[in-house]
Amino acid sequence: MDFARARQAMVDCQVRPADVTRYSIIESMLAVPRELFVPKARRDVAYAGCEIALGPDRVLLEPRTLAKMLEAAAIGPQDLVLDLAPGTGYSTAVIARMAEAVVAIEPDADLAETARSVLAQLEADNAVVLQGDPAAGDSAHGPFDVIFVNGCVERIPDALLTQLKAGGRLVALFADRGMSQCHVLTRSNSTVTRRYAFDADAPMLAEFRRKSEFAF
């Protein structure tokens, strides 16, 4: 399979028509070999317009969804980014080409190790992958200009929002009555505002489910 041609077709047929106009996103998605982040048995669909399963409730996001979330995040070349639940690290590799540095937090040990291996192969020296709880973030390396969540959430812990710089953005897919929408949360000095970006879908991330409350 000609992966370079498939990569170009992905950008031309899925990314550009989705109103993704930032050159840094287009350049990064053209440069990063998505097939390396896909299980070998599924590499023939690495550039298809669909999610690619990595494990139970874990996927590589559909290219269109990822690109539009990155557009909403407005990542700049001086930004420090926290990439949460990136699976095998495709989003981390794309973001690494757009930002000054990116820290990824992946809960699954095997996926985290795969991400480290592929990122090392690509010489993404400004990216680091840590195993941990994505809902806890990484206060040791923050605060961050952007927090990017690779999946659907029911809640965002306050402790995670405190890891945003003033003016920082958190981008995630929020579940609402069986549907999900991408929203951008922007932190000021004392408040957090929220705006709708677009409709999309992805599996729920277990770490971001709403905690059950007991009633008597």
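Since this is a predicted model, take the numbers as computed values, not measurements.

Student: Report on the packing of aromatic side chains, specifying residues and quantitative values.
Tutor: Inspection of every chain in the model, using the stated rule, returns 2 aromatic pairs. For the ring pair F3 and Y47, a centre distance of 6.4 Å and an interplane angle of 50° mean the geometry is tilted. Of this pair, F3 sits in helix α1 (residues 3-15) while Y47 sits in the loop between α2 (23-31) and β1 (52-55); the two residues are 44 residues apart in sequence, bridging distant segments of the chain. Residue classification places F3 among the partly exposed residues on the basis of a relative accessible area of 23%. Its relative accessible area of 6% is what places Y47 among the buried residues. Ring centres of F37 and Y90 lie 5.7 Å apart, and the angle between their planes is 65°; on these two criteria the pair is classed as edge-to-face. Highlighted residues: F37 in the loop between α2 and β1 and Y90 in helix α4 (residues 90-96), separated in sequence by 53 residues. No difference in accessibility class separates F37 from Y90, as the two residues are buried. The ring of F174 carries the charged tip of R194 above its face, separated from the ring centre by 4.1 Å.

Student: Lay out the pattern of salt bridges with the relevant residues and their values.
Tutor: Taken as a whole, this structure holds 8 salt bridges when the rule is applied. Notably, a salt bridge pairs R7 with E35, separated by 3.3 Å at the nearest N-O pair. One end of the pair, R7, is in helix α1; the other, E35, is in the loop between α2 and β1, with 28 residues separating them in the sequence. Residue R7 is classed as buried on the basis of its relative accessible area, which comes to 11%. For the salt bridge of E106 with R58, the shortest nitrogen-to-oxygen distance reads 2.7 Å. Note that E106 is positioned in strand β4 (residues 101-106) and R58 in strand β2 (residues 58-60), a separation of 48 residues in sequence. Judged by its relative accessible area of 12%, R58 falls in the buried class.

Quick notes on the rules
Residues numbered from 1 in each chain as written. Predicted model: local features only at pLDDT ≥ 70, side-chain atom pairs only at ≥ 80, totals over all residues. Heavy atoms only, no water. Phe/Tyr/Trp six-rings, centres within 6.5 Å; stacked < 30°, edge-to-face > 60°. Helix = DSSP H or I, 4+ residues; strand = E, 2+ residues; numbered from the N terminus. Buried < 20%, exposed > 50% of the residue type's maximum accessible area, 1.4 Å probe, protein only. Lys NZ or Arg CZ within 6 Å of the ring centre and 35° of its normal. Salt bridge = Lys/Arg side-chain N within 4 Å of Asp/Glu carboxyl O.

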